[in-house]
Amino acid sequence: MSDHPSATNDNETHGRDVRRKKILFRCWHRGMKEMDLLLGGFADAMIDDLNAEQLKELEHLLTAHDQDLYAWMTGRKPLPDEWDSALYRQIIAYHEAAGPAGFKK
């Protein structure tokens, strides 16, 4: 069993559409634990509030390589313009406000 909150709470995920469930799974199963926490933490909190365009942006972001995405999110490398989106900035702002992996400070 995974150690993220969604893994143990089927009540929250039961009513989600298949697209949101797939995105949530992909956010928590990146390959790098750091990216699991960054994307999974955001997705746990926000997936039900994202509109169709935001879901599309998140799906696109999930195509980025973990090492690149992690370097951009941690500020080690500048974010290329092609990956800059309102959703990306929302994810960064979420973690700045909520703390690491979306767990309240």
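Scroll up for the structure.
Conventions used here
Residues numbered from 1 in each chain as written. Predicted model: local features only at pLDDT ≥ 70, side-chain atom pairs only at ≥ 80, totals over all residues. Heavy atoms only, no water. Axes fitted to C-alpha atoms, helices over the stretch in contact; angles between N-to-C directions. Helix = DSSP H or I, 4+ residues; strand = E, 2+ residues; numbered from the N terminus. Parallel < 35°, antiparallel > 145°, perpendicular 65-115°, else oblique. Contact = heavy atoms within 4.5 Å. Nonpolar A, V, L, I, M, F, W, Y, C, P; charged D, E, K, R; others polar. Core = buried A, V, L, I, M, F, W, Y, C linked by side-chain atoms within 4.5 Å. Buried < 20%, exposed > 50% of the residue type's maximum accessible area, 1.4 Å probe, protein only. Expected span 1.5 Å × (residues − 1). Arc of directions from axis to C-beta.

1. So, the packing of helix α3 (residues 33–46) against helix α6 (residues 86–98)
So, point 1. Where α3 contacts α6, the two axes come as close as 10 Å, and the packing angle between them is 95°. Relative to α6, the element α3 lies roughly perpendicular. Touching L37, L38, L39, G41, F42, A45 and M46 of α3 are L87, Q90, I91, Y94 and H95, all from α6.
So, point 2. Residues that form the contact of α3 with α6 fall into these classes: 9 nonpolar, 3 polar and no charged.

2. Details of the nonpolar core
So, point 1. The biggest cluster of nonpolar side chains holds 27 residues, and the ones touching the most others in it are M35, L39, L58, L69, M73 and I91.
So, point 2. Among the elements of the structure, α2 (18–28), α3, α4 (52–61), α5 (66–73) and α6 are those that each provide at least two residues to this core.
So, point 3. Apart from the residues lying within four places of it in its own chain, the contact partners of L39 are C27, R30, L61, L62, L69, M73 and I91.

3. Remarks on α6
So, point 1. The end-to-end C-alpha distance of α6, which contains 13 residues, comes to 18 Å, matching closely the 18 Å that a straight helix rising 1.5 Å per residue would cover.
So, point 2. Listed in full, the buried residues belonging to α6 are L87, Y88, I91, Y94, H95 and A98. The buried residues of α6 occupy one face: seen down the axis, they fall within an arc of 120°. Exposed residues on α6 whose side chains face more than 90 degrees from its buried face are E96 and A97.
So, point 3. Check the buried side of α6 and you find it contacts α3, α4 and α5.

Purely spatial values, then, with no claim about function.
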